[in-house]
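Per-entry structural report
If you want the building blocks of each chain, they are given just below.
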Amino acid sequence: MATTLSTNIDDKMAQKVRMVAERENRSVSNIVSSALMVFTGLPKDVRDTLLELQSRQDAEGIRRLSRVIMAAVSRLRLETAMERLADEQLFASLEHTTDEIDLLEEATRLTEATRQIKPRP
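A brief report on the enclosed structure follows. Nothing here was measured: the structure is a model prediction, and the numbers come from that model. (Residues numbered from 1 in each chain as written. Predicted model: local features only at pLDDT ≥ 70, side-chain atom pairs only at ≥ 80, totals over all residues. Heavy atoms only, no water.)

This part takes up the pattern of salt bridges. Enumeration over the complete set of coordinates arrives at 5 salt bridges. Two residues, aspartate 48 and lysine 44, come together in a salt bridge whose shortest N-O distance is 2.8 Å. Residue aspartate 48 and its partner lysine 44 are located together in helix α3 (residues 44-55), separated by 4 residues, close to a single helical turn. Judged by its relative accessible area of 34%, aspartate 48 falls in the partly exposed class. Measuring nitrogen to oxygen at the nearest pair gives 2.7 Å for the salt bridge that ties glutamate 60 to arginine 63. Within this pair, glutamate 60 and its partner arginine 63 are both found in helix α4 (residues 59-88), separated by 3 residues, close to a single helical turn. Accessibility expressed as a relative area gives 41% for arginine 63, which makes it partly exposed. Within the structure, one salt-bridge network assembled from shared partners comprises Glu52, Arg56 and Asp58. (Salt bridge = Lys/Arg side-chain N within 4 Å of Asp/Glu carboxyl O. Helix = DSSP H or I, 4+ residues; strand = E, 2+ residues; numbered from the N terminus. Buried < 20%, exposed > 50% of the residue type's maximum accessible area, 1.4 Å probe, protein only.)

Let us now look at helix α1 (residues 11-23). An α-helical segment advances 3.6 residues per turn. Residues three or four places apart therefore align on the same side. Helix length check: α1 (13 residues) gives 18 Å between terminal C-alpha atoms against 18 Å at 1.5 Å per residue, within 8%. Turning to α1, its buried residues are Ala14, Val17 and Ala21. Buried residues along α1 cover an arc of 60° about the axis, so they all sit on one side. In α1, those exposed residues whose orientation departs by more than 90 degrees from the buried face are Lys12, Glu22 and Arg23. Next to the buried residues of α1 lie α2 (28-41). Residue asparagine 25 follows α1 closely and has a positive phi angle near 55°. (Expected span 1.5 Å × (residues − 1). Arc of directions from axis to C-beta. Contact = heavy atoms within 4.5 Å.)

Looking now at a nonpolar patch on the surface. Residues Leu5, Val28, Val32 and Leu36 make up a contiguous nonpolar surface patch of about 350 Å² in total accessible area. Note on placement: leucine 5 falls in the segment before α1. (Patch = residues over 30% accessible without salt bridge, like charges linked within 9 Å, V, L, I, M, F, W, Y side chains within 5 Å. Areas by Shrake-Rupley, 256 points an atom, 1.4 Å probe, with all protein chains shown as cover.)

In this model, α3 (12 residues) spans 16 Å end to end at C-alpha, consistent with the 16 Å of a helix rising 1.5 Å per residue. Positive backbone phi, approximately 55°, marks glutamine 57, located one or two places after α3.

Further remarks concern a negative patch on the surface. Taken together, the side chains of Glu79, Glu83, Asp87 and Glu88 make up a negatively charged region of the molecular surface. For aspartate 87, a relative accessible area of 56% puts it in the exposed group. (Lys, Arg positive; Asp, Glu negative; His and termini not counted. Charge placed at Lys NZ, Arg CZ, Asp CG, Glu CD.)

Further remarks concern the packing of α1 against α2. Taken N-terminus to C-terminus, the directions of α1 and α2 make an angle of 105°; their axes are 8 Å apart at the nearest point. Relative to α2, the element α1 lies roughly perpendicular. Contact residues: Val17, Arg18, Val20 and Ala21 in α1; Val28, Ile31 and Val32 in α2. Here the contact of α1 with α2 is composed, by residue class, of 6 nonpolar, no polar and 1 charged. (Axes fitted to C-alpha atoms, helices over the stretch in contact; angles between N-to-C directions. Parallel < 35°, antiparallel > 145°, perpendicular 65-115°, else oblique. Nonpolar A, V, L, I, M, F, W, Y, C, P; charged D, E, K, R; others polar.)

The following block contains the structure:
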């Protein structure tokens, strides 16, 4: 069951929300819902730190934190992709516990093999 919540925000924030919604081809309601879902799922210390950075308008702090978060997201995506590939057992020569270097070497080998098979236009 869906529930409607409301809040008051200033014009600047409303404009930011509309811009994000337009850029991502989503509704304003969907953006607000996603923001609430993510924000409330974070630990209180993280929420407090984010709010503090925002209230201080600490652009450098926000930028540094964003880089750390994106690095963690990238690492998680890589690990998830590696697990999926291992589960599919497409690479018989690789163990499930293969480290990243071995995976990169296998990827390079497969890329080179593909280049030799497909003539370039």
